[in-house]
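Here's the letter readout for the chains.
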Amino acid sequence: MKRVLYGIILLLFTASLSAETEVGGSLKVDLRSLIKEPYCNFYNREDILTLKISSDVSDNVSIYASIQGRYFDRSNLVTFEDLKNRNSVDPFSVDLWESYISISSFIFDNMDAVIGKQIVEWGTADMLNPTSNLNPHDLSDPLDFSKRLPITMFNFTYYPPWNQFNAVQFIWIPAHKPALMPPGEMPMMKMDVPTPPDLEAMNNLNIANNPMASKMEISSSLNQYVHHNPFYPKYSEGGIRLSLNFFQTDFHLSYFNGYGEFPLPAKAEIRIANESEINSIIQNALKDVAPGDNLGTMLALATIEKIPVDIESNITLVYPHYHVVGADFKADISGVGVWGEAGYFIPYELDITYIYPDFQWMMNNELNYIVQNREFGVRYKSAKYPVLDKPFLKYTIGAEYIFKGGYHFEAQFAHGFFFEQGSQNLNNYLMLELDKSFMEGKFKLTLSGGGSVEGGTFAYFLKNFKLPEDLSTGAFGGPRLDYYPYDGITVTLGAIFLGGSGNSFFAKMKKMEQIFLQLESSF
Amino acid sequence: MKKTAILTAVLSIVLATFLGAETGEEWLKKVEATMNAPRDRVSTGTMILVDKAGVKKIRKTKMWQKGEDKKLTRFLSPADVKGVTFLSLSENEMYLYMPAFHRIRRIASSAKNENFMGTDFTYEDMTMNKMSEKFNAKIVKEDADTVTLELTPKPDADVSYSKEIMVIDKKTLLPRKIDFYNKAGELEKTMTVLETKKVGKYWTITHMVMENHLTKHKTEIITEDIKFDVGLPDKLFTRRMLKKRHIKY
C-alpha cells in the first residue's frame, strides 16, 4: 500500500510540471506534554507532511488530491520482535487524504458535482454541528473535535438560475464510515444503556455466607465486537440540504439518512467460560463419594479450596441508524453574528439483548444442584431493553461580536455533544472564546473555556430548588498563543486544562491536560 | 505641457465662475461617480505589508467587482492563505471561505472596523466608493489641480472615524490622499495614491499605500491586469463561487 502511495506522490510531482497543475502543502511539527504526574512526559511528538495537488483539467473540470504522511517520534515496543519491525521502532504512516473530481455545470448549467473522497461540513455553528453527520470525526487527537475523515461521496449542488444564493445539495455516500477513535481510553464510548436489574444487583451481592459462592475466585474478561459490513447496500447513506437566503439571513434545512459514527451495544452475552474446568474440580472432589450420598457430597465439596470462575462478556456493537432532520441559520443583528442549529434524530429502533447466567438462582440453588447432579449447573436468562427508541433533539446556539480594539468574543451553548446519543445521554455545554491580535497581527492570543452540566439539571433545580446530589459537572479551558513571524509559518504555544466531577466527559479526560508547541509551515 | 496645465486651471476657474462653484458634496459625488463608473472590473493585486521593523509580507490577490457593493477577492499567495476567498455583498453581508475548514463562514458586521487579512485597510475602508452616504463634505482648500475636502460623519452614520481629509485630483476625479482621524481626533492613517492610470475610458488607482501612524505599519497595494466592463454575471457573487477552485472570468 505504501509503495502505491509513494508512486502517487511521484505521479503528483510529475503532473505538477503541467502548467495547469499546482502543488503545495504544509509541514507541521507537533509536540505535546501531559501536565500531571505521573504522565508528565512528551506523550506525543509527531511530524505531519501534507502534499496537495490541484489541476484544472478544463474550464469546468478540476481534480484535487492530498496525501498525508505522519511520522510518530516514539517507538512502540512491547516484545523483542518489535525491535525488528520498522513500524514499531520508527512508526510512520502515509494516507491518501482527500481525492476528488469537481465538475462545474454538470448535466445542467447550474449544477456542480464533486465526486470522490472529500469532506462536506453542514451547519453554521462553530464545531458543534448537530446537522453535520456526513463525515465521521477523526479523533486521533482526542482534544481536536474539528477534524473529520474524508469519505467517498457523490455530491451534487443545484443553484436555481433565478437566485444563485439559494441551492439544493444532494449527497450519496456509498458506504458508511465510522469515526476514528482515539488511542487509549475512549470516554466518548461510555453511554448510559439499560441493564437488567438482577444483573446490576450482582455488584452488591453478599457472597461471604454462601457455601459455594464464597469459594469462587471470579475473573472476568471483556470482548467487544463491531458489527459493520460496508459492502452491504444498506450501509449507504444520503442527504439533502436546502440553502436559502432572505432578509440577509442564511437558512438551511437538511435531511440525512444514515448511521451514527459511534457504535452502541446491541448484544451482551455473559457466559461462564470455564464450565468444564469447574466440573472437573467438582468431579475430582467427588470421585470417592458414592452417587446419592448427599452428606458425603456436601462434605467433599467443603474440601474444595477454590473454584476459579471465568466470566466472559462478549459485547456486540452496531452503528445506530438514524433519520436526522436539521435546520440552521446565521444572521447579523446590529453587528452581532448569531446562529442556531438543531438536529432532530429519529432512530431506527435499537435494542440490546442480554444473555447472562441467572446468578440469583446460582446463589440459592447451586449447592443442591451439584449434590443432586454431581456437576456445576448454570442457567442462562435473557432480557431485551431499548437502547434507542425515542427521537431526540440536539441543538447549538451561539453569538459572536468584535469589540472595539479587535477583541473577538464568541459564546456557544450546546445541548448534546457530538458523540452523545439518546435523550438520556445528552448533556449541556457552554463554550466561550476570546481572541485578540496584537503587534500588527504578528501575535494572536486566544483564551477559551467552558463547562458542562448534565441534561435535566435545570429542570431538576426548578422542581426541587436544589441541585442533584450526584451531579456531574465538567470544565475546560486554556490559553493559546499563535505567532506569525513570516509569511507561511505559524508557531503555536498553548495549554489545555480539564476537570470535573462524576461521570462528565471533561472529568474523564482530566489526565489529557497538556501543553503543546506546534510549528506549521506552508509551501 | 506647462502651458496646457495653466490653460486647464484658467478654464476651470472661468467655468466655476460662470457655472457656479461646486460644493464639497458635489466633489465627493464626482469621486464616487468616477470610482463607480465601470459596470464591473477584474484585477490582480499585490499587497505588501511592512511592519515598523521593515519586515515585509506579500499577498497576491485576484479581485472581481460588480457595481458598488459586490466584491469577490481570492488570495493567490502566500501558501498559508492561498484559496481563502472573501465575498462582500454589503456591509452587513460578508462571507469568508477558508479551504482548510471546508466551510463558508459569515462574518459579523462588527468586523468592519477590523483590518482586512492583516492589511491596514479595514472592511470599512474598502467601501470608499460610498462615502457620500456616511459623510458630509465641505471644501477646505482648492487650487488648480486639487480640491481638499473635510469629511465629517453624518449624524446617524456608523463610522470609525471622526474626520477624513481627502485631496481630490481634479483631472482624474480620484483621491490623491486621504487622512483618517480616529474618534479621539488623532491622525490614525493616511492613504496616499502613488499612481493612477486610464484603462480604456476609466481612470483608476493602480498603486497606493495606507500608513498607520499609530502602529507604524503600512500596506502598499499595486493593482495590475485591470479589465473593465467584462460582463461579470451576478452568479459570480454568490456562495457557489467561494468554493470553486477555478473561476473562469
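Because the structure is a prediction, the values reported are computed rather than measured.

## Description of the overall build of chain A
The number of helices and strands found in chain A is eight helices and 23 strands. Its C-alpha atoms put chain A at 95 × 65 × 50 Å along the principal axes. Long-range contacts, defined here as pairs at least 24 residues apart, represent 64% of the contacts in chain A between residues at least 6 apart.

## Re the overall build of chain B
Helix and strand content of chain B: three helices and 13 strands. On C-alpha atoms alone, chain B measures out to a radius of gyration of 19 Å, which is about the 18 Å that the 2.2 N^0.38 rule sets for 249 residues. Here the C-alpha coordinates of chain B stretch approximately 60 × 40 × 40 Å along the principal axes. For chain B, the residues scored as buried account for 31% of the 249 residues in total. In chain B, the proportion of contacts linking residues at least 24 apart, taken out of those at least 6 apart, comes to 41%.

## Some remarks on the nonpolar core
All names here are of chain B. Residues Trp27, Leu28, Ala137, Leu149, Leu151 and Ile168 are the most contacted members of the largest nonpolar core, which totals 22 residues. Within the residue set of this core, elements represented by two or more residues are α2 (24-35), β1 (40-50), β7 (135-142), β8 (146-153), β9 (161-169), β10 (174-182) and β12 (202-212). Leaving out residues up to four positions away in the same chain, Trp27 has contacts with Glu22, Ala137, Ile139, Val147, Leu149 and Ile168. Among the nonpolar cores identified, the runner-up in size contains 16 residues, and Leu72, Leu87, Ile104 and Ala111 belong to it.

## A short note on the domain arrangement of chain A
The domain architecture assigned to chain A consists of domain 1 (1-30 + 47-102), domain 2 (105-148 + 161-401) and domain 3 (427-523). Taking only C-alpha atoms, the centre of domain 2 of chain A and the centre of domain 3 of chain A are 27 Å apart.

## Quick look at the pairing of strand β10 (residues 249-259) of chain A
All names here are of chain A. Strand direction decides the pairing type here: strand β9 (residues 237-246) and β10, joined by nine bridges, are antiparallel. Its bridge partner being in β10, Leu242 is matched across the sheet by Leu253. Adjacent in sequence and paired antiparallel, β9 and β10 are bridged by two residues, among which Phe247 carries a positive phi angle near 50 degrees. With 10 bridges connecting them, β10 and strand β13 (residues 321-333) associate as antiparallel partners. Its bridge partner lying in β13, Leu253 is registered against Ala327.

## Digging into the pairing of β7 of chain B
Residues and elements named next belong to chain B. Bridge count for β7 against β8 is seven bridges, and the pairing is antiparallel. Along β8, the bridge assignment pairs Lys141 with Thr148. The turn joining β7 and β8, which pair antiparallel and follow one another in sequence, is formed by three residues.

## Thoughts on the sheet that holds strand β8 (residues 216-227) of chain A
Residues and elements named next belong to chain A. Read from one edge of the open sheet, five strands run β8-β12-β11-β15-β16, paired in mixed fashion. For this open sheet the edge positions go to β8 and β16 (380-388), each flanked by a neighbour on one side alone. The sheet shows a mean angle of 15 degrees between the axes of neighbouring strands, taken without regard to direction.

## Observations concerning the environment of Gln421 of chain A
Residues and elements named next belong to chain A. By secondary structure assignment, the location of Gln421 is in the loop between β18 (407-415) and β19 (428-438). Accessibility expressed as a C-beta count within 10 Å gives 24 for Gln421, which makes it buried. For the pair Gln421 and Thr353, spaced 68 residues apart in sequence, the C-alpha to C-alpha distance is 18 Å. When near neighbours in sequence (up to four residues on either side) are disregarded, Gln421 contacts Met191, Gly260, Phe262, Leu264, Pro320 and Leu388.

## Overview of the interface of chain A and chain B
Contacts between the two partners involve 32 residues from chain A and, on the opposite side, 28 residues from chain B. Put simply, the parts of the chain that give the side of chain A that touches chain B at least two residues each are β2 (44-56), β3 (61-72), β13, β14 (336-347) and β17 (392-403) of chain A. Of all the elements, β17 of chain A adds the most residues to the side of chain A that touches chain B, at three residues.

## Examining helix α6 (residues 359-373) of chain A
All names here are of chain A. Taking 1.5 Å of rise per residue, the 15 residues of α6 would be expected to cover 21 Å, yet its terminal C-alpha atoms sit only 18 Å apart, more than 12% below that figure. The largest bend in α6 is about 65 degrees, located at Asn365. Looking at the buried positions of α6, the neighbouring elements they touch are α4 (275-285), α5 (294-302) and β15 (350-357). Phi for Arg374, located one or two positions after α6, is positive at around 60 degrees.

## Observations concerning the confidence of the model for chain B
Residues and elements named next belong to chain B. With 90% of its residues at a pLDDT of 70 or more, chain B shows a mean pLDDT of 86. Confidence drops under pLDDT 50 across residues 13-19; counting only partners more than four residues distant or on other chains, this segment forms one contact. As scored by the predictor, the complex reaches a pTM of 0.84 and an ipTM of 0.75.

## Here's the deal with the environment of Phe418 of chain A
Residues and elements named next belong to chain A. Summarising the element assignment, Phe418 is placed in the loop between β18 and β19. Expressed as a C-alpha distance, the spacing of Phe418 and Pro291, which sit 127 residues apart in the sequence, is 62 Å. Beyond its immediate sequence surroundings of up to four residues, Phe418 is in contact with Leu128, His137 and Phe145.

Rules used throughout
- Within each chain, residues carry numbers counting from 1 in the order of the written sequence.
- Think of it this way: whatever chain is written first is A, whatever ligand is written first is 1, and the rest follow in order.
- This being a predicted model, a pLDDT of at least 70 is required before a residue's local features are given, and a value of 80 or more before pairs of side-chain atoms are given or counted; all residues contribute to the totals for chains, interfaces and linings.
- For the purposes of this entry, the term helix denotes a DSSP run of H or I that reaches at least four residues, the term strand denotes a run of E that reaches at least two, and both are numbered from the N terminus.
- Each residue gets a C-beta atom placed from its backbone, and two residues are in contact if those atoms lie within 7 Å.
- Based on C-alpha atoms, the radius of gyration is set beside the globule rule, defined as 2.2 Å times the residue count to the power 0.38.
- Residues with at least 20 other C-beta atoms within 10 Å of their own are called buried, those with 12 or fewer are called exposed, and the rest are partly exposed. The C-beta atoms themselves are positioned from the backbone.
- Each nonpolar core consists of buried Ala, Val, Leu, Ile, Met, Phe, Trp, Tyr and Cys residues. Their C-beta atoms, within 7 Å, join them into a set.
- All the domain ranges listed were derived from an automatic or database domain assignment.
- At least two DSSP bridges between two strands are required for those strands to pair.
- Fitted lines through C-alpha atoms serve as axes, helices being fitted only where they are in contact, and the angles separating the N-to-C directions of these axes extend from 0 to 180 degrees.
- By this rule the span expected of a helix is its residue count minus one, scaled by 1.5 Å.
- One fitted axis covers the seven residues ending at a residue, a second covers the seven starting there, and the bend at that residue is the angle between these axes.
- How sure the predictor is of each residue is captured by pLDDT, a score from 0 to 100.

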